[in-house]
Amino acid sequence: PPDQPLASSVQSRRLHPPWPSLPSLLSKSEREFPNSSSPQASSSFFQTAIKVLYYSTSIIKTMNLSAAFTVLFVASASAFAPANTAGRTSTRVFSNANQNPFGNAKSLEYVGGMDKENDKNYGRLADKLNEADIERRKIKEEADRRERAAEIRREERLAKIEFMNNMPENQPAGTVDEFMFKEGVQDQLDKLDHDLVGLLAVKKRVKEIAALLVLDKMRRKLGFETSVPSLHMSFTGAPGTGKTTVAVRMGQVLAKMGYARRGHVVLATRDDLVGQYVGHTAPKTKEMIKKAMGGVLLVDEAYYLYNAANDRDYGQESIEILLNVMENNQDDLVVAVAGYKDRMDKFFSYIPGMMSRIGNHIDFPNYTADELVKIAGVMSRDLEYDIDGPAFDTFKAYIEERMKLPFFSNARTVRNAMDRARMNSAIRTFEKFAINGENGGMCSVADLKNISSEDFQVLLDDILYADVDKRIFS
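All values derive from a computational prediction rather than experimental measurement. Along each chain, residue indices are assigned from 1 in the same order as the chain's sequence is written. Residue-level local features of this predicted model are given only where pLDDT is at least 70; pairs of side-chain atoms are given and counted only at 80 or more, and the full residue set underlies all totals for whole chains, interfaces and linings. Where side-chain values are given, they derive from all heavy atoms of the structure, hydrogens and water being excluded.

Caption draft 1: Summary view of the overall build of the chain. Counting its secondary structure elements, the chain contains 20 helices and 7 strands. Out of the 474 residues in the chain, the part that is buried amounts to 32%. We call two residues in contact whenever any of their non-hydrogen atoms come within 4.5 Å of each other. In the chain, the share of contacts with a sequence separation of at least 24, taken over all contacts with a separation of at least 6, comes to 75%. As displayed, the chain has an accessible area near 30300 Å², and 55% of this comes from carbon and sulfur atoms. Each helix is a run of DSSP H or I of at least 4 residues and each strand a run of E of at least 2, with the numbering of both proceeding from the N terminus. The classification of residues rests on relative accessible area computed with a 1.4 Å probe and restricted to protein chains. Under 20% of the type maximum is buried, over 50% is exposed, and intermediate values are partly exposed. Method for areas: the Shrake-Rupley scheme with a 1.4 Å probe, in which residue coverage is limited to the protein chains shown.

Caption draft 2: Highlighting the pairing of strand β3 (residues 296-300). Where burial is concerned, most of β3 is hidden: 4 out of the 5 residues are buried. Here, a strand pair is defined by DSSP locating no fewer than two bridges between the strands. Bridge count between strand β2 (residues 265-268) and β3: 4 bridges; the pairing is parallel. Counted as the bridge partner of Val265 is Val296 from β3. Pairing between β3 and strand β4 (residues 334-339): 5 bridges, direction parallel.

Caption draft 3: Examining the nonpolar core more closely. Buried residues of nine kinds, namely Ala, Val, Leu, Ile, Met, Phe, Trp, Tyr and Cys, make up a nonpolar core once their side-chain atoms join them within 4.5 Å. Counting residues in hydrophobic clusters, the biggest one holds 56 residues, and the most contacted among them are Phe235, Val246, Phe395, Tyr398, Val414 and Phe456. Ranked by residues supplied to this core, first place goes to helix α9 (residues 200-222) with 7 residues. Beyond its immediate chain neighbours, meaning those up to four positions away, Val246 contacts Leu192, Leu196, Val202, Val206, Phe235 and Phe364. Ranked by size, the runner-up nonpolar core spans 29 residues in total, among them Ala292, Leu297, Leu323 and Leu333.

Caption draft 4: Representation of the environment of Asp331 within the structure. Along the chain, Asp331 turns up in the loop between α13 (315-328) and β4. Measuring from C-alpha to C-alpha, the distance between Asp331 and Tyr259 comes to 6.9 Å, with 72 residues separating the pair along the chain. Beyond its immediate sequence surroundings of up to four residues, Asp331 is in contact with Val228 and Tyr259.

Caption draft 5: Just the packing of helix α12 (residues 281-292) against α13, in detail. Relative to each other, α12 and α13 sit at 35 degrees, their axes nearing to 9 Å. Crossing handedness for the pair α12 and α13: right-handed. Mapping the contact onto sequence places Thr281, Ala282, Thr285, Lys286 and Ile289 in α12 and Glu317, Ser318, Ile321, Leu322 and Val325 in α13. Helix axes are fitted to C-alpha atoms over the stretch in contact, other axes to C-alpha atoms as well, and angles between N-to-C directions run from 0 to 180 degrees. Note on convention: near helix rotated counterclockwise from far helix by under a right angle means a left-handed crossing. Clockwise means right-handed.

Caption draft 6: Here's a closer look at helix α16 (residues 369-382). Here a helix's expected span is defined as the number of its residues, less one, multiplied by 1.5 Å. The end-to-end C-alpha distance of α16, which contains 14 residues, comes to 20 Å, matching closely the 20 Å that a straight helix rising 1.5 Å per residue would cover. Taken residue by residue, α16 has Ala369, Leu372, Val373, Ile375, Ala376, Val378 and Ser380 as its buried positions. Looking at the buried side of α16, the elements it contacts are α8 (185-195), β6 (386-387), α17 (389-402) and α18 (411-435). Where α16 ends, the next residue or the one after it, Glu384, has phi of about 60 degrees, a positive value.

Caption draft 7: Here's a closer look at the packing of aromatic side chains. Pairing of aromatic side chains here covers Phe, Tyr and the six-membered ring of Trp, requires ring centres within 6.5 Å, and sorts the geometry by plane angle: under 30 degrees stacked, over 60 edge-to-face, intermediate tilted. A complete count under the given rule lists 6 aromatic pairs for this structure. An angle of 50 degrees between the planes, with centres 5.8 Å apart, marks the rings of Phe347 and Phe348 as tilted. Across this residue pair, the class does not change: Phe347 and Phe348 are buried. Ring centres of Phe395 and Tyr398 lie 6.3 Å apart, and the angle between their planes is 40 degrees; this geometry places the pair in the tilted category. You can see Phe395 and its partner Tyr398 sitting in helix α17, 3 residues apart, about one turn around the helix. Taken together, Phe395, Tyr398 and Phe456 form an aromatic cluster joined through their ring pairs.

Caption draft 8: Representation of the pairing of strand β1 (residues 233-237). Counted residue by residue, β1 has 5 buried out of 5 residues, so it is predominantly covered. Relative to β4, β1 runs parallel, the two sharing 4 bridges. For Thr236, the partnering residue across the bridge sits in β4 and is Gly339. Taken together, the 5 bridges between β1 and strand β5 (residues 360-364) define a ladder with parallel strand orientation. Each residue of the ladder has a partner; that of Ser234, found in β5, is His361.

Caption draft 9: How the structure looks around the packing of α8 against helix α10 (residues 243-256). Running from N to C, α8 and α10 point in directions that differ by 170 degrees, and their axes come no closer than 9 Å. Judged on the interaxial angle alone, α10 and α8 are roughly antiparallel. In contact with Val185, Gln188, Lys191, Leu192 and Asp195 of α8, α10 contributes Val246, Arg249, Gln252, Val253 and Lys256. Taken together, the residues of the contact of α8 with α10 break down into 4 nonpolar, 2 polar and 4 charged. An angle counts as roughly parallel when it lies under 35 degrees, as roughly antiparallel when it exceeds 145, as roughly perpendicular when it falls between 65 and 115, and as oblique in every other case. Under the grouping applied here, Gly and all other residues not named as nonpolar or charged are polar, the nonpolar ones being Ala, Val, Leu, Ile, Met, Phe, Trp, Tyr, Cys and Pro and the charged ones Asp, Glu, Lys and Arg.

Caption draft 10: Fine view of the sheet that holds β4. Here we have 5 strands laid out as an open sheet, ordered β2-β3-β4-β1-β5, and parallel in their pairing. A strand with exactly one partner marks an edge of an open sheet, and here the two such strands are β2 and β5. When strand polarity is set aside, the average angle formed by the axes of neighbouring strands in this sheet is 20 degrees. Against the sheet, α10 engages β1, β2, β3, β4 and β5, with an angle of about 160 degrees to β1.

Caption draft 11: The arrangement of α9 in detail. The end-to-end C-alpha separation of α9 is 33 Å, in line with the 33 Å expected for 23 residues at 1.5 Å each. Along α9, the residues classified as buried are Val202, Lys203, Val206, Ile209, Ala210, Leu213, Val214, Asp216, Lys217, Met218 and Leu222. Positive backbone phi, approximately 105 degrees, marks Gly223, located one or two places after α9.

Caption draft 12: The pattern of salt bridges, seen in detail. In the sections that follow, a salt bridge refers to a side-chain nitrogen of Lys or Arg positioned within 4 Å of a carboxyl oxygen of Asp or Glu. Tallied over the entire structure, the rule returns 20 salt bridges. For the salt bridge of Glu151 with Arg148, the shortest nitrogen-to-oxygen distance reads 3.5 Å. Residue Glu151 and its partner Arg148 are located together in helix α6 (residues 125-166), separated by 3 residues, close to a single helical turn. The salt bridge partner of Asp193 is Lys203, with a shortest N-O separation of 3.7 Å. Note that Asp193 is positioned in helix α8 and Lys203 in helix α9, a separation of 10 residues in sequence. The partly exposed category is assigned to Asp193, whose relative accessible area is 35%.

Below you can see the structure in the form of structure tokens.
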């Protein structure tokens, strides 16, 4: 009423509200919607909306609009609040701990450390960005390094051109003898003359190669353009003609001139290069090449590497590896092939690539009887034995007879004959002083160093008086 104070009016409305109480309306809605307490209805948006609308309609009937909106907001908050499901039984679909309605299949979510195949594809973003930055920096540094190297080469070439243009024609380059003696090349050539008897054509070719290397080094010192010459060699000749000895000397000459790091010689045959089954040849060949790097690889009887009658022979693989190394590593490895002249020519006809890669073909002729006698003198000198004149005559007669028999091996036959002569000398000296007791059993230095004609006569008699089928063993 207008005459009643506002405060008392509000208070009377609080104490005696004209609208139904909230709990009574909620209980009424529960009676009219009995299934609203189920978990499905509690979580359903439509059931909640029905509750809110029903309650709001009841309020609007008895209160003004502002009060209705207030109650609407409170009811909405209560309806959408998480329901208390304690004590309620879950449905069958969500009865287990795994709430995945599609079963217990493996989750697509990545868990670090459990999937080793994909672990490398995951990581921290900062780490990935850092790695990418490092890669970019490496690429840039490599590009800068190449550019700087190219710039240095350009500067060196310009400096070289300027030096060559300003160099007078009478610029002293040094004498050939100075290079020959300073580098030790002359010493190696002298040893070749000292150790090898005869073989004048071979020695001449070795000296020609040495001359090329010496002059090439003199040109390099002045700044001229130089290139490593093809030093691969082919040695053809009979056994015992000095092929291995010449290869050793060539390796030492190359080392002295700076064309070989070590100058050693590695001797290889088919057994050292070719395997017995698939996949075995390449490792064996590469292992021998690795041992010979910096020196000379001498392949003795190289024609056995290729078997024309067998297309599946593994020697072809070894030859291909050797050809590749001869082409790409000629500045650090010299390959020398050796064997009989006729067989090597046939081998080159089958492998033309080998023929074209070898620039030095040296043929070793057979020794004469006089040269073989001189070789025996060199061997006796190295072993500190003394051979008198009659003994050399007897030895020459033995060599002439032995050369008529098959399987003659030049210097190797001489070496075998010298070993037998030393044994005959030892037997003779032992019987003379130890068994017969001459001079009280005391022998002199001359007795220990002497190889007499009698010692060689035993060899000659074995050829002259032995059976025909046994003479080759004399």
